[in-house]
Structure formats: structure tokens, C-alpha cells
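Notes for the structure review
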Amino acid sequence: MHQLPNDIDLEKLIESVVDKVADRIHQRVADAIQRKYVSREDFARNRGIGLRSVDRAISEGRLESTQIGRRRLIPVDAVIRG
């Protein structure tokens, strides 16, 4: 196991990392709220297409999406390319 120099406080270092991760999560959520995202299921239902088609477009890079936590979300105004 690695040892830290005596002048580095491990607790403060961990707290700093946790704060940075929390800031990034809050920013991603704020961006998602501002841009208006929908679930894969809602996107498919609103477009009248199958969920499999949505999943295929995402996997092929033809449909923009983002993962927040365990959920894959799609911008409301996204379009399946090509």
C-alpha cells in the first residue's frame, strides 16, 4: 500500500475528491433539467417507433443520448440520423 507524505491529510484529500464528484453530478443533472430529456421508452412512444429501434440507433451512434445514474436519457428534440 502506498504511504502519503506526513504533511498530507488523507481525510481532507478524500473530502476534496468527494466534493469534486458531487459537483460534477450536480452539473450533469442541472444540464439535463435545462435541456429536457426523456426516457428511451418515452422517446420511442412519442415517435411511434419501437424501443429496439431506439436502442439500435443509440448503439450505432445515430441518436444522441446521455447516461445519468442508471438511466439512459435522450434529448426531447433529438433526431435519429441516417
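Throughout what follows, the structure given in this document is the object of discussion. The residue numbers shown here count from 1 along each chain, following its written sequence. Given that the model is predicted, a residue must reach a pLDDT of at least 70 before its local features are reported, and side-chain atom pairs must reach 80 or more before they are shown or counted; all residues, however, enter totals for whole chains, interfaces and linings. Side-chain metrics rest on all non-hydrogen atoms present in the structure, leaving aside hydrogens and water.

1. Points about the packing of helix α2 (residues 40-47) against helix α3 (residues 51-59)
- Here the axes come from fitting lines to C-alpha atoms, over the contacting stretch only for helices, and the angles between their N-to-C directions go from 0 to 180 degrees. Helical segments are the DSSP runs of H or I of at least four residues, strand segments are the runs of E of at least two, and each set is numbered from the N terminus. Closest axis-to-axis distance for the α2/α3 pair is 9 Å, and the angle between their directions is 115°. The chirality of how α2 crosses α3 is right-handed. Of the residues in α3, those in contact with R40, E41, F43 and A44 of α2 are L51, V54, D55 and I58. Definitions for this section: a left-handed crossing has its near helix turned counterclockwise from the far helix by less than a right angle. A right-handed crossing has that turn clockwise. Throughout, a residue-residue contact means that at least one pair of heavy atoms, one from each residue, lies within 4.5 Å.

2. Some remarks on the pattern of salt bridges
- Salt bridge, as used here, is a side-chain nitrogen of Lys or Arg placed within 4 Å of a carboxyl oxygen of Asp or Glu. Evaluation of the coordinates by the stated rule reveals four salt bridges.
- A salt bridge links R40 to E41, with the shortest nitrogen-to-oxygen separation between them at 3.4 Å.
- On the basis of relative accessibility, which here comes to 22%, the residue R40 falls in the partly exposed class.
- R40 is the salt-bridge partner of D55, the closest N and O atoms lying 2.6 Å from each other. Placement of the pair is D55 in helix α3 and R40 in helix α2, with a sequence separation of 15 residues.
- Partly exposed residues are those whose accessible area sits between 20% and 50% of the maximum for their type, while under 20% is buried and over 50% is exposed, using a 1.4 Å probe and protein chains only. The class of D55 is partly exposed, set by a relative accessible area of 25%.

3. Notes on the sheet that holds strand β2 (residues 66-68)
- Strand pairing is assigned whenever DSSP detects at least two bridges linking the two strands. What the three strands build is an open sheet, ordered β1-β3-β2; its pairing is antiparallel. The open sheet has two free edges, formed respectively by β1 (37-39) and β2, since each of these has just one partner strand. Taking the axes of each pair of neighbouring strands and ignoring which way they run, one obtains an average angle of 45° across the sheet.
- Pairing geometry for β1 and strand β3 (residues 71-75), over three bridges, is antiparallel. Across the sheet, the residue bridging to S39 is L73, located in β3.
- The strands touched by α2 within the sheet are β1 and β3, with β1 carrying the most contacts at an inclination of about 90°.

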